[in-house]
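As a plain string of letters, each chain reads:
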Amino acid sequence: MNSVDSKKLPPVHSFDVEGMNTLFTIRIRHADVDEARQWAGNCFRQLEALEGQLSRYRPDSDVSRINLLDTGESMLLADATYRCLQQALAATLLTEGLFDVTLGAQTRDEEVGGSGPPRGVLTLSPDRSEIVCEEKGREIDLGGIGKGFALDEMARTLRDLDAASALLSCGASTHLALGSDSWAMDLRGDGQCERIELSRQALSASGLGEQAAHVVHPDTGRAPEYCFRRVWAVAANAALADALSTACLIMNEEELAGFSASLRDQGVLLYWERSTDGKVRKL
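Residues numbered from 1 in each chain as written. Predicted model: local features only at pLDDT ≥ 70, side-chain atom pairs only at ≥ 80, totals over all residues. Heavy atoms only, no water.

What follows covers the overall build of the protein. Helix and strand content of the protein: seven helices and 13 strands. For the protein, whose C-alpha radius of gyration is 19 Å, the value lies close to the compact-globule estimate of 19 Å for 283 residues. Taken along its principal axes, the extent of the C-alpha atoms in the protein is 60 × 45 × 35 Å. Here the protein holds 283 residues, and the buried ones make up 51% of them. The contacts in the protein between residues at least 6 apart in sequence include a share of 59% that link residues at least 24 apart. (Helix = DSSP H or I, 4+ residues; strand = E, 2+ residues; numbered from the N terminus. Rg over C-alpha atoms; globule rule 2.2 N^0.38 Å. Buried < 20%, exposed > 50% of the residue type's maximum accessible area, 1.4 Å probe, protein only. Contact = heavy atoms within 4.5 Å.)

It is worth spelling out the confidence of the model for the protein at this point. This prediction gives the protein a mean pLDDT of 90; 93% of its residues lie at or above 70. Low confidence marks residues 1–5, where pLDDT is under 50. Its contacts with residues over four positions away, or in another chain, come to 11 contacts. (pLDDT = per-residue confidence, 0-100.)

Okay, the pattern of salt bridges next. Opposite charge on two side chains lets them pair, provided their charged atoms get close. The final tally for this structure, using the stated rule, is 15 salt bridges. A salt bridge links Arg56 to Asp141, with the shortest nitrogen-to-oxygen separation between them at 3.3 Å. With Arg56 in the loop between helix H1 (33–54) and helix H2 (62–67) and Asp141 in the loop between strand E5 (130–135) and helix H5 (146–160), this pair connects stretches of sequence that are 85 residues apart. One salt bridge connects Asp100 with Arg138, and the closest N-O pair in it is separated by 3.3 Å. Residue Asp100 is located in the loop between helix H3 (79–94) and helix H4 (104–107), and its partner Arg138 is located in the loop between E5 and H5; the two are separated by 38 residues in the primary sequence. A relative accessible area of 23% means that Asp100 is categorised as partly exposed. (Salt bridge = Lys/Arg side-chain N within 4 Å of Asp/Glu carboxyl O.)

What follows deals with the packing of H1 against H3. How two helices sit against one another is set out by the angle between their axes and by the gap between those axes. Put simply, H1 and H3 touch, their axes get as near as 9 Å, and they point 70° apart. In this view, H1 runs roughly perpendicular relative to H3, as classed from their interaxial angle. Taken together, the residues of H3 that come into contact with H1 (itself represented by Leu50, Gln53 and Leu54) are Ala80, Thr81 and Cys84. Its residues assigned to classes, the contact of H1 with H3 shows four nonpolar, two polar and no charged. (Axes fitted to C-alpha atoms, helices over the stretch in contact; angles between N-to-C directions. Parallel < 35°, antiparallel > 145°, perpendicular 65-115°, else oblique. Nonpolar A, V, L, I, M, F, W, Y, C, P; charged D, E, K, R; others polar.)

Turning next to the sheet that holds E5. With antiparallel pairing, three strands are arranged side by side in an open sheet as E3-E5-E4. The two strands at the open ends of the sheet, each matched to only one other strand, are strand E3 (74–76) and strand E4 (121–124). Across the sheet, the mean angle separating the axes of adjacent strands is 20° when strand polarity is ignored. (Pairing = 2+ DSSP bridges.)

For the pair H3 and H5, interaxial distance at closest approach is 11 Å and the crossing angle is 120°. Considered as vectors, H3 and H5 are oriented oblique to each other. At the point where H3 passes H5, the crossing takes the right-handed sense. Touching Ala80, Arg83, Cys84 and Gln87 of H3 are Phe149, Asp152, Glu153 and Arg156, all from H5. For the contact of H3 with H5, the residue count by class is three nonpolar, one polar and four charged. (Left-handed = near helix turned anticlockwise from the far one by under 90°.)

Strands sit in the order E1-E2-E6-E7-E10-E11-E12-E13 across an open sheet of eight strands; the sheet is antiparallel. On the outer flanks of this sheet lie strand E1 (12–19) and strand E13 (280–282), each paired with one strand and no other. Across the sheet, the mean angle from the axis of one strand to that of its neighbour is 15°, orientation sign disregarded. Each of E1 and strand E2 (22–29) touches H1; the most contacted strand, E1, lies at about 20° to it.

This paragraph deals with the pairing of strand E9 (residues 193–198). Taken together, the six bridges between strand E8 (residues 183–188) and E9 define a ladder with antiparallel strand orientation. Within E9, the residue paired with Met185 across the bridge is Ile196.

Further remarks concern H3. Here H3 is 16 residues long and its end C-alpha atoms lie 23 Å apart, about the 22 Å a rise of 1.5 Å per residue gives. Three or more residues of H3 are buried, namely Ala80, Thr81, Tyr82, Arg83, Cys84, Leu85, Ala88, Ala91 and Thr92. Tucked inside the fold, the buried residues of H3 contact H1, H2, E4, E5, H5 and helix H6 (238–248). After H3 finishes, the residue Glu96 shows a positive phi value of roughly 55°. (Expected span 1.5 Å × (residues − 1).)

On to the pairing of E1. With eight bridges connecting them, E1 and E2 associate as antiparallel partners. Looking across to E2, one finds that Glu18 is bridged to Leu23. From the end of E1 to the start of E2, which pair antiparallel, there are two residues, and Met20 there has a positive phi angle of about 50°.

Below is the structure:
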């Protein structure tokens, strides 16, 4: 925590709920536990609504309906879906196409890349909440940004409720620090643990294992030869941190170093663990 005497601070109350196929946890520093519980409840109801719009596993979600569009068809989107896709598009541009939420056809098969290189075109309207299927073939999968986006949305709710300090987490992979406190975060490599302090920032991790099975290269639609065991990204918001850690996982060391240098003035920090030695390095 920060340097203020902890005896003078209100307690931290922790609340959690299952959502988006993982555990979401909200830790709120507040004097009134009942009010903190009410705030967390508001956030968890918001999370449930977001999952109903963003999950490709919900047949009535916006994402599922997008994935059924035929060539020439379009649909209006819920405001949250549109904003999430806008942020996904911004991350695509920032990573020069390495982050791509339209590779759903490549990631949904049990064998990654079974659908081959991506085809088709989806276009997001710049001035209204609409998406157009220019050519059928692309499918949306928000697995690399949706959970981070949900944390950002819940943090905005907490700010509106005047929450002074909170840490919002999605499993062990993505965290968002809100308010005056700093929170100790351990970046655990196989051979080393690096501790950082998170304050008014987000941290997201991507790594080998179950998550990596859904990270494919946009040029081939297949999983690459990974150079890193894990990558961590610290950024201003959770959606961006989520997207960056996903994209960085499929870079090589030279690409990662150049990408890190290009983001230095934006306050983005990148950490990585080489597969061979388990050491956590900072760029």
